[in-house]
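Structure at a glance
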Amino acid sequence: MRPLPHPYTGEGTAVLGVLLLTALEMTALATAPRADRPIVAGALVGAATAAFVVVAAVVHSHHRAQREAKRQLTETVDESWFTSGALDGFPMDAIRPLLLTPDAPSLNHLYSAWIFATHGHDAAWLEHNLDLPAGIAHLLADAAERERN
């Protein structure tokens, strides 16, 4: 049985962080002497703006890195990968029992993973980028390595 994917997106953490910072800002304003409140409020607005800029830059950098990785992947894959012999050596006998399990990947998905494995992608890459279970990814990567040698 495969474990359920963890639906963590970071949105909950961001909301809790904003609520915590808001509570701290309100506490700082409430405890500041009346004469110093405009200065404290200005400092807090400046700190919040700086934090927003840093978070926006990190998110932008992360998204740009993901786009670049996808672009590099699509540039390396071409029609020469999909020849009549692309599926030669596919370990169907070892894969067949795994196809009968609940939540098993489709055969076409496994064929795609096989082609990536025969072109040098390892089991960790197959797991991460094609969302394959570890056992299947290792089986395909090991068989592809034997096929290449």
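Residues numbered from 1 in each chain as written. Predicted model: local features only at pLDDT ≥ 70, side-chain atom pairs only at ≥ 80, totals over all residues. Heavy atoms only, no water.

**Let's talk about a nonpolar patch on the surface**
- On the surface, a cluster of nonpolar side chains totalling about 310 Å² of accessible area is made up of V15, L16 and L19.
- Mapped onto the elements of the fold, L16 is located in helix α1 (residues 11–31).
- With a relative accessible area of 58%, L16 lands in the exposed category. (Patch = residues over 30% accessible without salt bridge, like charges linked within 9 Å, V, L, I, M, F, W, Y side chains within 5 Å. Areas by Shrake-Rupley, 256 points an atom, 1.4 Å probe, with all protein chains shown as cover. Salt bridge = Lys/Arg side-chain N within 4 Å of Asp/Glu carboxyl O. Helix = DSSP H or I, 4+ residues; strand = E, 2+ residues; numbered from the N terminus. Buried < 20%, exposed > 50% of the residue type's maximum accessible area, 1.4 Å probe, protein only.)

**Some details on helix α4 (residues 107–118)**
- For α4, with twelve residues, the first-to-last C-alpha span of 16 Å sits near the 16 Å given by 1.5 Å per residue.
- Where α4 is concerned, the buried positions are L110, A113, W114, I115, F116, A117 and T118.
- Just past α4, the residue G120 takes up positive phi, approximately 100 degrees. (Expected span 1.5 Å × (residues − 1).)

**Quick notes on the layout of surface pockets**
- Put simply, the largest pocket is a space of about 440 Å³.
- As for the largest pocket, its lining consists of 15 residues, of which A14, G17, V18, L21 and V55 are closest to the centre.
- The set of elements that each furnish at least two residues to the lining of the largest pocket consists of α1 and α2 (37–76).
- Ranked by the residues each element gives to the lining of the largest pocket, the list is headed by α1, at seven residues.
- Of the residues contributing to the lining of the largest pocket, the split by class is nine nonpolar, four polar and two charged. (1 Å grid on protein atoms, 1.4 Å probe; cavity = no way out; pocket = protein on both sides within 12 Å on 5 of 7 lines; lining within 4 Å. Points joined across faces, edges and corners; volume = space filled by probe spheres on them. Nonpolar A, V, L, I, M, F, W, Y, C, P; charged D, E, K, R; others polar.)

**Let's talk about the packing of aromatic side chains**
- The full count for this structure, using the stated rule, is three aromatic pairs.
- Where F90 meets Y111, the ring centres are 5.0 Å apart and the plane angle is 70 degrees; that geometry is what we call edge-to-face. Of this pair, F90 sits in the loop between α2 and α3 (92–99) while Y111 sits in helix α4; the two residues are 21 residues apart in sequence, bridging distant segments of the chain.
- With 5.8 Å between their ring centres and 90 degrees between their planes, F90 and W114 make a pair best called edge-to-face. (Phe/Tyr/Trp six-rings, centres within 6.5 Å; stacked < 30°, edge-to-face > 60°.)

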